[in-house]
Amino acid sequence: MDADLEDTVSPLPAWSVLEFTFSDRNTNSELVIMCKNRRFIIHLFADNFSQSILLKKQYLFFLEVAENFELDGYTVEDFYDWIVEPLLPILRELPESDVGLTLDDFFSPETHIYTLKAHGDKVAAIPFDREKTPAPVFGVCLPDNIYTLWPLFEPREIQVCEESRLFGPPSNTPSKVLLKDGSIAFLKLIRSGDKHSIINEVDKYRTIRDAHLDESLRISRLLGLVRYGRSQVLGLLLTYIDCGRQTLHCAVKPETPKHLRQQWVTQIHDISNKLHNAGIAWGDAKPDNILIDHDNNAWLIDFGGGYTDGWVPKELAGSIEGDRKALKKITEFIGI
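Since we're looking at a predicted model, the values are computed, not measured. (Residues numbered from 1 in each chain as written. Predicted model: local features only at pLDDT ≥ 70, side-chain atom pairs only at ≥ 80, totals over all residues. Heavy atoms only, no water.)

## A word on the overall build of the chain
Broken down by element type, the chain carries 10 helices and 16 strands. A principal-axis box enclosing the C-alpha atoms of the chain has dimensions of 65 × 50 × 45 Å. Looking at the chain residue by residue over its 336 residues, the buried ones come to 43%. In the chain, the share of contacts with a sequence separation of at least 24, taken over all contacts with a separation of at least 6, comes to 65%. For the chain, the exposed area adds up to about 18,100 Å²; of that, 50% sits on carbon and sulfur atoms. Taking the 36 positively charged and 50 negatively charged side chains of the chain as two groups, their mean positions are separated by 6 Å. (Helix = DSSP H or I, 4+ residues; strand = E, 2+ residues; numbered from the N terminus. Buried < 20%, exposed > 50% of the residue type's maximum accessible area, 1.4 Å probe, protein only. Contact = heavy atoms within 4.5 Å. Areas by Shrake-Rupley, 256 points an atom, 1.4 Å probe, with all protein chains shown as cover. Lys, Arg positive; Asp, Glu negative; His and termini not counted. Charge placed at Lys NZ, Arg CZ, Asp CG, Glu CD.)

What follows is the structure in structure tokens.
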């Protein structure tokens, strides 16, 4: 490409997937993304590609990829890229709007709705104006008694913070937030289908709080709930860990020195033992649920229950014995 032409092309805008849905009953699908604090909803229909046999074949193939997660070397992320590519000129032209944003700006954003159609052998993005009020991506209604146990915050009271020194690509979904008392928290978004798991997670955090564990113990703790209206909870406010999203899975490399590996093993076992002594199981124990902060200290996170195949046996999910099985594997993963 000519150097002068390169200078005229804007860099690719950062965008993040909020939700992707498709049905096994038809060939319709929907992708929801965020870019520069705007929401884009893209509806897809196989009939829209009927003018191009090749494009229709590509679309139907990508639906198979989505159903199988991976197929013939393609992943669902490749499908997302295929969908968003026709929108890139529009996304490039969006003005920045990241000054003084609150969670209200994220949960109730400026929204643009499109569909994709075949235009010759190209895919074109066309405004789609037959949309009712978009279904909410985030939020569940919890039992009333839960609201009396934790501080409650409205989205407009919480400011979105910019994160630096991140591992991986930038994100358009907020995670680091500033509360009205000046403290920093990590926002865990609650999706509309997460009610059962969130109730379990909140209950586990109540158990942790009531156990009066030492405040220096490096685990995530629940600080409050982001509530919209009288009963809908949009997110959990958790301990903010300054780690740039670096998990143990990312941190362990061939060149990682032995003393650091040993430090992490010691810290992880020490934290787990203190939880177990209080009768608390970690649950979904695995390297992805261990964060390594900027001081190279290990933190245990995610007390929502469940298990991951290959780390915790299904029959021991949510138990201290299941934790111990996983800890042996984590130690092997670290290389000690």
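## Side note on the packing of helix α2 (residues 53-68) against helix α3 (residues 76-84)
Two elements in contact, α2 and α3, have axes separated by 8 Å at closest approach and are oriented at 145 degrees. Like other packed secondary-structure pairs, α2 and α3 cross with a definite hand, here left-handed. Along the contact surface, α2 presents L55, Q58, Y59, F62, L63, V65 and A66, while α3 presents V76, D78, F79 and W82. Grouping the constituent residues of the contact of α2 with α3 by class yields nine nonpolar, one polar and one charged. (Axes fitted to C-alpha atoms, helices over the stretch in contact; angles between N-to-C directions. Left-handed = near helix turned anticlockwise from the far one by under 90°. Nonpolar A, V, L, I, M, F, W, Y, C, P; charged D, E, K, R; others polar.)

## Quick notes on the packing of aromatic side chains
Here the structure, examined in full by the defined rule, presents 20 aromatic pairs. For the ring pair Y205 and F303, a centre distance of 5.8 Å and an interplane angle of 70 degrees mean the geometry is edge-to-face. Of this pair, Y205 sits in helix α7 (residues 195-210) while F303 sits in the loop between β16 (298-300) and α10 (320-334), and the two are 98 residues apart along the sequence. Here Y205 and F303 have matching classes, each one buried. (Phe/Tyr/Trp six-rings, centres within 6.5 Å; stacked < 30°, edge-to-face > 60°.)

## Let's talk about the sheet that holds strand β6 (residues 110-119)
Strand order in the open sheet formed by five strands is β1-β2-β3-β6-β7, with mixed pairing between adjacent strands. Two strands in the sheet have a free side with no partner beyond their single neighbour: β1 (15-22) and β7 (122-127). Recorded for the sheet is a direction-independent mean angle of 25 degrees between the axes of neighbouring strands. Helix-sheet contacts for α3 involve β1, β2 (29-35), β3 (38-44), β6 and β7, and the interaxial angle to β1 is about 105 degrees. (Pairing = 2+ DSSP bridges.)

## Structural notes on the side chain of S52
Summarising the element assignment, S52 is placed in the loop between β3 and α2. Leave out the neighbours within four places in its chain, and S52 touches A118 and G120.

## So, the pairing of β1
Sheet faces and side chains relate simply in a regular strand, where the side chains alternate between the two faces. Alignment of β1 against β2, held across seven bridges, turns out to be antiparallel. Each bridged residue has a counterpart across the sheet, and for T21 the counterpart in β2 is E30. Joining the antiparallel neighbours β1 and β2 is a turn of six residues.

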